[in-house]
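Descriptive structure summary
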Amino acid sequence: MALRKSSFVPEDLEKPRTRSVLESTENCFDPENHHPPWLQGRPERLCIGAQHPELNGVATPSPDACSQHFCHFTPKCFLTVHRGANGTSVRSTPSHFGEDGWHEGTTKTTIRVENEVEAQREANNYRFGFRKWKGNVTERPIEDRSDIVKELYTDLSLVRPREGSAITVGNIAYVFLFGWWISLFYILICPLMFLTILGAPYGKLCLKMALYLLWPFRKAIEKWFLTPPTSLQCRVSTYVWLLLGYPVLVVVHFLACVLSWLPVFSIPVAKMNFRILTTVLLMAPEEVHIKKQEMVNLLCEIRVTLYCCQAFNMYYYKYTIQGINIFALNLLPLVFMTLVLGYTDHDHIYLNSETMFAIAITSIIPLSYYIGMGIASISAQSNFAVGAVVNATFGSITEITFYITALLRGHHAGTKCYEEIVKAALTGTLLGCILFIPGICMTIGGIKHSEQRFNSRSAGVSSALLFISVGGVFAPTLFSKTFGNLVCESCSNIPGNASVPFTCKDCHYDMVDLNGILPLVYTISVLLPASYLIGLIFTLKTHSHIYDIHISEGHPHASHAVVHWSRWKALAVLIVATALMACCADLCTENIEPILSHSSISQYFIGVTVLAMVPELPEIVNGIQFALQNNISLSLEVGSCIAVQVTMIQIPLLILFNAFYDVGFILVFSDIHLWASIFSVILVNYIFMDGKCDYFQGTALVVVYLILLALYFFAPSPRSC
């Protein structure tokens, strides 16, 4: 049976980890009897063993000590809980248990994580219908993380021996972006301090700091502890400094902190400015001493007041605060700015409608991230039933909020244009999730890993549900084309020449009597969620082995996990983020009207791109991260999960909402949506058949997606717009 791997660890650990897993399995179980004699009749136990040094402490049993271990047999797979190692890893190994307990092509997966909470999060990632979440929901000890990540959290007071030159592109860019104007303020304040006479010591400090800030790299600021001065002159000079010099520099460094923090990659500059503002400038001027690197002892690590070696670090996209990614944290002020301007500047004095729409739709991105993290946090700390309910209710809240807001706006305005935009957004989400997300993940992952394998059986379940959902969603459209009336806006012919046929424009099929199609729509709105429920039962209960995941309890003596968000905190974040999402969606629909009315771009294109894919950006990032770590199975499940939820949950919810509050939403799509969706589902099912992929197949999916976008771009706008 073939070996399938999906790894969360560096490549240099792949072989020893795989070998130890195989060795431990072969020594703990007899391939012929499927269990050792002493475990006959005992179906499930956990295999916990000694630590292999080459695995940095990963708990796996050694061949020599197998008899001393508590062994585990299961016809599914292992999920081994490990604490304090190299993060999370997924390992698949061939089955040794024969065909009776295993289906053909099924493999055993071993997942190594830090604690039970992370084990539950990883298990939820493999469950059908659950949102896939890459980030940790518990705190990870900094000593267990990679050197690259450790560097991001390094204190600026630590001096380490470093190789290479300080003259880098990033450091040179610092001089032009920050260094010169910060130094200029110090130079301007310097003579002011000398003019006061009493502030002359601080004038010297300003001169030293001006030279330092122009090029601060590989220089250390040390504090020399002197005898505390008692003279009145020293105390007066401090008052002069705090009155005339320090307030100006507070503004300067605060501005530098903000400007360098927001781009993320220049956060080292922000940290340096904050340390200068809160520590260096409050020291006595005689205590501040600056040394170059060659004057510092580099044989070992030492502590100083401030030391900066680089202005930019491209790995800061991994930086988190309380488990929150730095990009989501930096975009949070944009949300509040959007709400303040959106609900106060009704006359668009400060921002026009197009700009307001742009910042409102961008504000949805961090809110979608917080909703995803809240769902993952609650699901990882709860049982399956609670996790399933949370994923079903909040998993589609982003899109549902926008769709309902747009339908209400169109209903109150008396136009069907908003309904067409909602249908375009629904189709765009479907196309993006079954073409673009798998395609971009296959492409990026395939560049790093020449060929990636995934669970074809689990992908087949999602593909079957996609066929069912697309057939159900577009059944009313086919019904209207078969039994509806062909309606044309205008028809003409050449007078007196009966041989020339009529020329008609803007023809479409219309259901004059909605009572003929509404029963079909309501029937489908019941059958689609029922199919979704059957899929849940099939994948999570009766045939859960196809996902190769089994949850074990973990080591009973391990340390307690410290979660970033408790269940109540995560629930509060979900509620607040949902409320803010509703407000941002309302501002989007309010300010999109000028774009729909005066834009030269087809409204179809706006719906299938901006409105459909911007809220899914956090999911796209998750999928790409899974692919880079050679876990393409989860990358594909990211898109499939969203696509199935769109068709089997979101659309039935919109039909249910329309049944109670008639906003004119009819489940009849344009021809372009119908054929694009059907073609995409057929194509992606063809790609998923063999259980393996590479960057060429991913590129093919992306190119097809771009072709469809070009089709929407050049298509005429809907009649109602």
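Up top is the structure these notes are about.
It should be emphasised that the depicted structure is a prediction, and the values quoted were computed from it without experimental measurement.

The rules behind the values
Residues numbered from 1 in each chain as written. Predicted model: local features only at pLDDT ≥ 70, side-chain atom pairs only at ≥ 80, totals over all residues. Heavy atoms only, no water. Patch = residues over 30% accessible without salt bridge, like charges linked within 9 Å, V, L, I, M, F, W, Y side chains within 5 Å. Areas by Shrake-Rupley, 256 points an atom, 1.4 Å probe, with all protein chains shown as cover. Salt bridge = Lys/Arg side-chain N within 4 Å of Asp/Glu carboxyl O. Helix = DSSP H or I, 4+ residues; strand = E, 2+ residues; numbered from the N terminus. Buried < 20%, exposed > 50% of the residue type's maximum accessible area, 1.4 Å probe, protein only. Contact = heavy atoms within 4.5 Å. Axes fitted to C-alpha atoms, helices over the stretch in contact; angles between N-to-C directions. Parallel < 35°, antiparallel > 145°, perpendicular 65-115°, else oblique. Left-handed = near helix turned anticlockwise from the far one by under 90°. Nonpolar A, V, L, I, M, F, W, Y, C, P; charged D, E, K, R; others polar. Disulfide = S-S within 2.5 Å.

Quick notes on a nonpolar patch on the surface
- A grouping of Trp 180, Leu 184, Phe 185, Ile 187, Leu 188, Leu 214 and Val 248 is seen on the molecular surface, where their side chains present a nonpolar patch of about 630 Å² in accessible area.
- Note that Ile 187 resides in helix α5 (residues 169-195).
- A relative accessible area of 46% means that Ile 187 is categorised as partly exposed.

Focus on the side chain of Glu 399
- With respect to the helices and strands, the residue Glu 399 is situated in helix α12 (residues 397-413).
- Those residues in contact with Glu 399 that sit more than four places away from it in its chain are Glu 616 and Gln 650.

Let's talk about the packing of helix α15 (residues 475-483) against helix α16 (residues 518-542)
- Across the interface, α15 lies against α16 with an axial gap of 10 Å and an inter-helix angle of 160 degrees. In terms of axis orientation, α15 runs roughly antiparallel to α16. Between α15 and α16 lies a crossing whose hand is right-handed. Of α16, the residues touching α15 (which contributes Ala 475, Pro 476 and Phe 479) are Leu 520, Val 521 and Ile 524.
- Class assignment of the residues belonging to the contact of α15 with α16 gives a composition of 6 nonpolar, no polar and no charged.

Comments concerning the pattern of salt bridges
- Counting across every chain of the model gives 10 salt bridges.
- Between Arg 409 and Asp 586 there is a salt bridge; the shortest N-O distance is 2.7 Å. Placement of the pair is Arg 409 in helix α12 and Asp 586 in helix α17 (residues 567-591), with a sequence separation of 177 residues.
- Take Asp 586: its relative accessible area is 22%, and that puts it in the partly exposed class.
- With a closest N to O distance of 2.0 Å, Asp 671 and Lys 481 form a salt bridge. Here the residue Asp 671 occupies a position in helix α22 (residues 671-687), and Lys 481 occupies one in helix α15, the gap between them amounting to 190 residues.
- Classification of Asp 671 by relative accessible area gives partly exposed; the value is 36%.

Some thoughts on the state of the cysteines
- If you walk through the whole model with that rule in mind, you get 0 disulfides.
- Distance from the sulfur of Cys 308, which forms no disulfide, to the nearest cysteine sulfur (Cys 309) is 6.1 Å.
- Residue Cys 308 is classed as buried on the basis of its relative accessible area of 2%.
- We note that Cys 693 lacks a disulfide partner, and the nearest cysteine sulfur, in Cys 441, lies 9.5 Å from it.

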